[in-house]
Amino acid sequence: MSAQTDTTGSVTTVYQVTGMSCGHCEGSVSGEISRIPGVTSVKAVASTGEVTVVSAAPLDDEAVRAAVDEAGFELAGRA
């Protein structure tokens, strides 16, 4: 799935992150990604490895990768 723009102008992108196994993992990934400028919402789900990010504009995948790395996990790519 690629990024999708909704009627409010927000962009929703779903990423696949490997290594998350619990709520703490979800919080770590969400916290780091939420620091990227323009991000308005992050929802990480450990059971699926999916991280849904809503932002004001399309995000640089490398910025997301760096944030996920900082949290101690690996960005596998877009879901």
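Read on for an overview of the structure. Treat the numbers as computed from the prediction; the structure is a model and nothing was measured. (Residues numbered from 1 in each chain as written. Predicted model: local features only at pLDDT ≥ 70, side-chain atom pairs only at ≥ 80, totals over all residues. Heavy atoms only, no water.)

1. What to know about the pairing of strand 2 (residues 11–18)
No. 1: Sheet analysis places strand 2 next to strand 4 (residues 50–55), joined by 6 bridges and oriented antiparallel. From the neighbouring strand, T12 faces strand 4, where its bridge partner is V54.
No. 2: Note: strand 2 against strand 5 (residues 74–78), 4 bridges, orientation antiparallel. Residue pairing across strands places T18 opposite E74, the latter belonging to strand 5. (Pairing = 2+ DSSP bridges. Helix = DSSP H or I, 4+ residues; strand = E, 2+ residues; numbered from the N terminus.)

2. Comments concerning the pattern of salt bridges
Pairing of side chains with opposite charge becomes possible as their charged atoms draw close.
No. 1: Applying the stated rule across the entire model yields 3 salt bridges.
No. 2: The salt bridge involving E32 is made with R35; its shortest N-O contact spans 3.4 Å.
No. 3: A salt bridge links R65 to E62; its shortest N-O distance comes to 3.5 Å. Here the residue R65 and the residue E62 both occupy positions in helix 2 (residues 61–71), the gap between them amounting to 3 residues, near one helical turn.
No. 4: Among the residues examined, R65 registers a relative accessible area of 28% and is labelled partly exposed.
No. 5: Residue E62 is classed as partly exposed on the basis of its relative accessible area, which comes to 48%. (Salt bridge = Lys/Arg side-chain N within 4 Å of Asp/Glu carboxyl O. Buried < 20%, exposed > 50% of the residue type's maximum accessible area, 1.4 Å probe, protein only.)

3. Quick notes on the environment of Y15
No. 1: Take Y15: it is sitting in strand 2.
No. 2: When the C-alpha positions of Y15 and A44 are compared, they lie 9.2 Å apart, and in sequence the two are 29 residues distant.
No. 3: A distance of 3.3 Å separates a polar atom in the side chain of Y15 from a polar atom in the side chain of D61. (Polar contact = N/O pair within 3.5 Å; in protein donor to acceptor, adjacent residues only side chain to side chain.)

4. What about the nonpolar core?
No. 1: Formed by 19 residues in total, the largest nonpolar core has its most connected members in M20, V29 and I33.
No. 2: At the level of secondary structure, the elements contributing two or more residues to this core comprise strand 2, helix 1 (23–34), strand 3 (39–45), strand 4 and helix 2.
No. 3: In terms of residue count, helix 2 provides more of this core than any other element does, 4 residues in total.
No. 4: Those residues within four positions of V29 in sequence are excluded, and the remaining contacts are V17, M20, V51, V68, A71 and F73. (Core = buried A, V, L, I, M, F, W, Y, C linked by side-chain atoms within 4.5 Å. Contact = heavy atoms within 4.5 Å.)

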